[in-house]
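What follows is each chain in one-letter form.
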Amino acid sequence: MAAAAARLTRWQRRFRALVAIIGATLLAVTPATGPRPAPDGGPRRIVSLVPAVTEMFFAIGADDRVVGVSSYDRFPPAVDRLPRLGGLLDPNVEGLLGLAPDLVVLYGTQSDLRRQLERAGIAVFVYTHRDLADVTATLRAVGARVGAGARAESVAGRIEHELTEVGRQVQGRPRPRTLLVIGHEPHALRQLQASGGYGFLHDLLVLAGAEDAVGDLKRESVGVSLEMLLARSPEVILDLHYGVSLSAERLEAERQLWRRVSAVTAVKTGRVHVLAGDEFVVPGPRVVLAARQLARTLHP
Amino acid sequence: MHEIRRRVRRTVVGFGLIAALTGLLAPLAGGTRVSLDRAFDPSIPFDRNVDAQILLVARLPRVLAAGLVGAGLSMAGVVFQSLLRNPLASPDTLGVSAGASLGAMLAITFQADFTVAGVSAIPLSSFAGSLGALSIVYGLASARQRGATTTVLLLAGVTVTALLSAVVRFVQYLADFTETIQTTRWLMGSLDVASYGPILAACLPLAIALALLASLPRVLDLLSVGENLAAARGVDVVAAERRALLSASLATGAAVSLAGPVAFVGIIVPHIVRIIVGADHRVVLPAAGLFGGTFLVLCDLLARTAFAPIELPVGIVTALIGGPFFLWLLLRRV
């Protein structure tokens, strides 16, 4: 009797193992065949780990194909209903594969993730970013990749036209030496970081009719000491805040901070502006909004 | 007895003169040319005087902060090394520094938004973190009454450090992109403190630490030889150890909350000073304070001028200058 029970459990175990093997094989085979391509031949299930590119998908009307975004996506509000899959440093590979995407947009430095995805047979779009011109270049490349080339071309063309228009409006005006501050400690002028003479913020600043006060330092971000701030004495200071919404009092408190360095021309002449909004840090289709606001602030 | 008093006086005067000279001259040097005539010209109001503001708003607070942080960390290093009878001990060893870092990380990541008497959330929260770690260390020291050894204290300290560092990394992991950049920069240490408020705030715990330290030199001499010997000479070992821990931890907490964890000063300056002035703590403690302050002021001077207008994190300079200097001293002695 006991031997029969043991035999039974052994058979049960073998049966379970068999079921597991068949199940695993099915699971392994299914994603390999992948979702069917869209009628236009483009991918149907896109995961974007790059907020700027997510915005581009929405701008060219490919938003219905986006099935997952990064943890840092905030715009447009519709991204809130999509699963979030980590970011540059902590992509959630398991969650990502679980969505069975047929295109994943990732950063150029995410080489491990890229290898993993390629092993799993999933196509990738590698995002690299340098300056303002890259925004529309990326938009066109993304459009071509998802089979929405014509739509992307028209959106990119419009962005370029509107940027040119911003530049035209400030043409011939005096260009104030401007420090574009992209971060500092709250309630203190410590750990000041400014946009240096390279990158899309620098390009936006110049386009909007400013001379970059630290443009000679060819880096995307420059640590600015109080001494450097006083020595360079910019005529305008733009203090960018993003990621959090600040109350009006708090924005005013941030503006008041700069009075510590009252000898700086911008402080003396009351040209310190606190700007809030994450369109300044996402090199996507909203660069036009950022450029316009910069131009309005610099040339009221 | 007179001999040692004379040595103390000679050391304090010697190192004090160098420190005072450095403190006076360091604000005059920097990446920008400053005209002293214009800086102190009474006809230009301070509001509009760039030279005066570079001297008094940008450079002087930095030099003061460097002096205080260097002195605090170096004296704390001396105390930890003799208390734990371990030449590798430093202000980081028992976790106070990691506690201060954790406090700062929490303030940055959760966007703590308050100021108290002109001091902002990050240094305040950092100092609170150091006090939290201090209470753990203090609890450990109290357990020593029940027979725990220095080795146990050391191991416990290393564990507390590892634990708190893990929490620091966890909090960093939770942080948003821009906050991650902020936390990383904070962890590199910076003496550009931007105002006198945080410096004044740090002076209070440093003053308490100094007052406690003043009673310690003889005890430290005995403790660094051995607890039994100290006890035989009538030292209340447990009470003395607590006082030593409290003072060194307060000094460390004040220094780290002011400038972030500046590497290397707290471990290497005590050794350099012992090589120069010998092992007697009545000489070593004041010498370490003065020398440590001077050393960090000079390192910061280098950090802000070597590649001006770009600045190096001062922790890199302390290690790059202090390391070879210490090796040279060691080799010369052998």
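Owing to the predicted nature of the structure, the values given are computational and were not obtained by experimental measurement. Each chain has its residues counted from 1, following the order in which its sequence is written. Note on labels: chains are lettered from A, ligands numbered from 1, in written order. Local features in this predicted model are restricted to residues of pLDDT 70 or higher, and side-chain atom pairs are both shown and tallied only at a pLDDT of 80 or more, whereas totals for entire chains, interfaces and linings draw on every residue. In computing side-chain values, all of the structure's heavy atoms are included and hydrogens and water are not.

Peer 1: Would you take a moment to explain the overall build of chain A for this structure?
Peer 2: A run of H or I in DSSP becomes a helix once it reaches four residues, and a run of E becomes a strand once it reaches two; helices and strands are each numbered from the N terminus. Secondary structure summary: chain A contains 11 helices and 10 strands in total. Working definition: with a 1.4 Å probe on protein chains only, accessible area under 20% of the residue-type maximum means buried, over 50% means exposed, and in between means partly exposed. Here chain A holds 300 residues, and the buried ones make up 49% of them. Across chain A, the fraction of contacts at a sequence separation of at least 24, relative to all contacts at a separation of at least 6, is 59%. We get accessible surface area from the Shrake-Rupley algorithm with a probe of 1.4 Å; when it comes to residues, only the shown protein chains can shield them. Counting only carbon and sulfur atoms, one obtains 56% of the accessible surface of chain A, whose full area is about 14,200 Å². Should any heavy atoms of two residues lie within 4.5 Å, those residues are counted as being in contact.

Peer 1: I keep staring at a nonpolar patch on the surface and nothing clicks. Help me out?
Peer 2: Residue and element names in this part refer to chain B. A contiguous nonpolar surface patch, about 640 Å² in accessible area, is contributed by L21, L24, L25, L28, L36 and F40. A per-element tally of the nonpolar patch places helix α1 (residues 2–25) first, with 3 residues. Mapped onto the fold, L24 is located in helix α1. Residues enter a patch when their relative accessible area is above 30% and they make no salt bridge; the linking distance is 9 Å between like charges and 5 Å between nonpolar side chains (Val, Leu, Ile, Met, Phe, Trp, Tyr). Whenever a carboxyl oxygen of Asp or Glu lies within 4 Å of a side-chain nitrogen of Lys or Arg, that contact is scored as a salt bridge.

Peer 1: Got a minute to help me understand the domain arrangement of chain A in this structure?
Peer 2: Accessible area lost when the parts come together is the quantity often used to give the size of an interface. Residue and element names in this part refer to chain A. An automatic or database domain assignment provides the domain bounds reported here. With domains assigned, chain A is organised as domain 1 (10–168) and domain 2 (172–298). Each side of the interface is counted separately: domain 1 has 18 residues, and domain 2 has 19 residues. Of the roughly 1,700 Å² buried between domain 1 and domain 2 on both sides combined, carbon and sulfur atoms contribute 70%. Take the accessible area each of two parts loses on contact, using a 1.4 Å probe, and add the two losses: that sum is the buried area. Among the residues domain 1 hides against domain 2, the three largest losses belong to E55, L132 and V166. Together they make up 31% of the total. For the pair domain 1 and domain 2, the interface holds 2 salt bridges. Its salt-bridge partner being E55, residue R286 comes within 2.6 Å of it at the nearest N-O pair. Within the residue set of the side of domain 1 that touches domain 2, elements represented by two or more residues are α2 (51–59) and α6 (149–169).

Peer 1: Help me understand the layout of surface pockets, please; the structure alone is not making it clear to me.
Peer 2: One way to see where empty space is left: roll a probe the size of a water molecule over the atoms. The way it works is a 1 Å grid over only the protein atoms, where trapped points that fit a 1.4 Å probe form a cavity and open points with protein on both sides within 12 Å along at least five of seven lines form a pocket, and then any residue with an atom within 4 Å of a point lines it. Grid points are joined across faces, edges and corners, and a volume is the space filled by probe spheres set on the points. Of the pockets and cavities examined, the second largest pocket occupies roughly 440 Å³. What lines the second largest pocket is a set of 23 residues, among which Q191, Q193 and G223 of chain A together with R185 and E311 of chain B lie closest to the centre. Of the residues contributing to the lining of the second largest pocket, the split by class is 10 nonpolar, 7 polar and 6 charged. Charged means Asp, Glu, Lys or Arg here, nonpolar means Ala, Val, Leu, Ile, Met, Phe, Trp, Tyr, Cys or Pro, and polar covers whatever is left, Gly included.

Peer 1: So what exactly am I meant to see when it comes to the packing of helix α5 (residues 121–143) of chain B against helix α6 (residues 150–174) of chain B here?
Peer 2: Two quantities define a packed helix pair, namely the angle between the axes and the distance from one axis to the other. Residue and element names in this part refer to chain B. For helices, the fitted axis covers only the stretch in contact; all axes are lines through C-alpha atoms, and the angles between them, taken along N-to-C directions, range from 0 to 180 degrees. Two elements in contact, α5 and α6, have axes separated by 10 Å at closest approach and are oriented at 155 degrees. Considering their axes alone, α5 and α6 lie roughly antiparallel with respect to each other. Here the hand of the crossing between α5 and α6 comes out right-handed. Note on element contacts: α6 touches α5 through L153, A156, G157, V160 and L164, opposite A133, I136, V137, L140 and A141. Here the residues of the contact of α5 with α6 sort into 9 nonpolar, 1 polar and no charged. Geometric relationships in this document are graded by angle, where less than 35 degrees denotes roughly parallel, more than 145 denotes roughly antiparallel, 65 to 115 denotes roughly perpendicular, and other angles denote oblique. Rotating anticlockwise by less than a right angle from the far helix to the near helix defines a left-handed crossing, while the corresponding clockwise rotation defines a right-handed one.

Peer 1: Any chance you could explain the pairing of strand β8 (residues 221–224) of chain A here in plain terms?
Peer 2: Residue and element names in this part refer to chain A. On β8, burial follows the alternation: V222 and V224 on one face are buried, whereas S221 and G223 on the facing-out side are not. One ladder, built from 4 bridges, connects strand β6 (residues 192–195) with β8; its direction is antiparallel. Residue L192 lies in a different strand from β8, and its bridge partner there is V224. Here the rule is simple: two strands pair whenever DSSP picks up at least two bridges between them.

Peer 1: Help me understand the sheet that holds strand β1 (residues 46–48) of chain A, please; the structure alone is not making it clear to me.
Peer 2: As a general point, the strands of a sheet are linked pairwise by backbone hydrogen bonds and lie either parallel or antiparallel. Residue and element names in this part refer to chain A. In spatial order, the strands read β2-β1-β3-β4; together these 4 strands make up an open sheet with parallel pairing. Two strands lie at the open edges of the sheet, namely β2 (66–69) and β4 (123–127), each paired on one side alone. Direction aside, the axes of adjacent strands within the sheet are offset by 20 degrees on average. Across 3 bridges, the pairing between β1 and β2 is parallel. Within the sheet, the bridge partner assigned to V47 lies in β2 and is G68. Running at roughly 140 degrees to β1, α2 makes contact with β1, β2, β3 (103–107) and β4 of the sheet. Contacts from helix α5 (residues 133–145) reach β3 and β4 within the one sheet, and its direction differs from that of β4 by about 175 degrees.

Peer 1: Explanation requested: the interface of chain A and chain B in the structure shown.
Peer 2: Each side of the interface is counted separately: chain A has 32 residues, and chain B has 38 residues. Taken together, the two surfaces of chain A and chain B that pack against each other cover about 3,100 Å², and 54% of this comes from carbon and sulfur. Counting the surface chain A buries against chain B, the share from its top three residues, R190, E227 and R260 of chain A, is 22%. For the pair chain A and chain B, the number of links is 2 salt bridges. For R59 of chain B, the salt bridge is made with E227 of chain A, and the minimal N-O distance between the two is 2.7 Å. Under the rule applied, a polar contact is a pair of N or O atoms within 3.5 Å (in protein, one hydrogen donor and one hydrogen acceptor; residues adjacent in sequence only if both atoms are side-chain atoms). The interface formed by chain A and chain B includes 14 residue pairs in polar contact (both at pLDDT 80 or more). Elements represented by at least two residues in the side of chain A that touches chain B include exactly β8 and α8 (226–232) of chain A. It is α8 of chain A that provides the largest number of residues to the side of chain A that touches chain B, a total of 6 residues. A class-by-class count of the residues in the side of chain A that touches chain B yields 15 nonpolar, 7 polar and 10 charged.

Peer 1: Would you explain the pairing of β3 of chain A in this entry?
Peer 2: Every regular strand shows the same layout, with side chains that alternate between the two sheet faces. Residue and element names in this part refer to chain A. Most of β3 sits inside the fold, with 4 of its 5 residues counted as buried. Pairing analysis gives 3 bridges linking β1 to β3, with the strands arranged parallel. Bridged to S48 within β3 is V105. Pairing of β3 with β4 involves 5 bridges; the strand directions are parallel. When the sheet's bridge partners are listed, Y107 is paired in β4 with Y127. Throughout, right-handed denotes a crossover for which the path from the first strand over the helix to the second runs clockwise when the strands point away from the viewer. For the handedness criterion, the β-α-β arrangement of β3, helix α4 (residues 111–119) and β4 is classed as right-handed.

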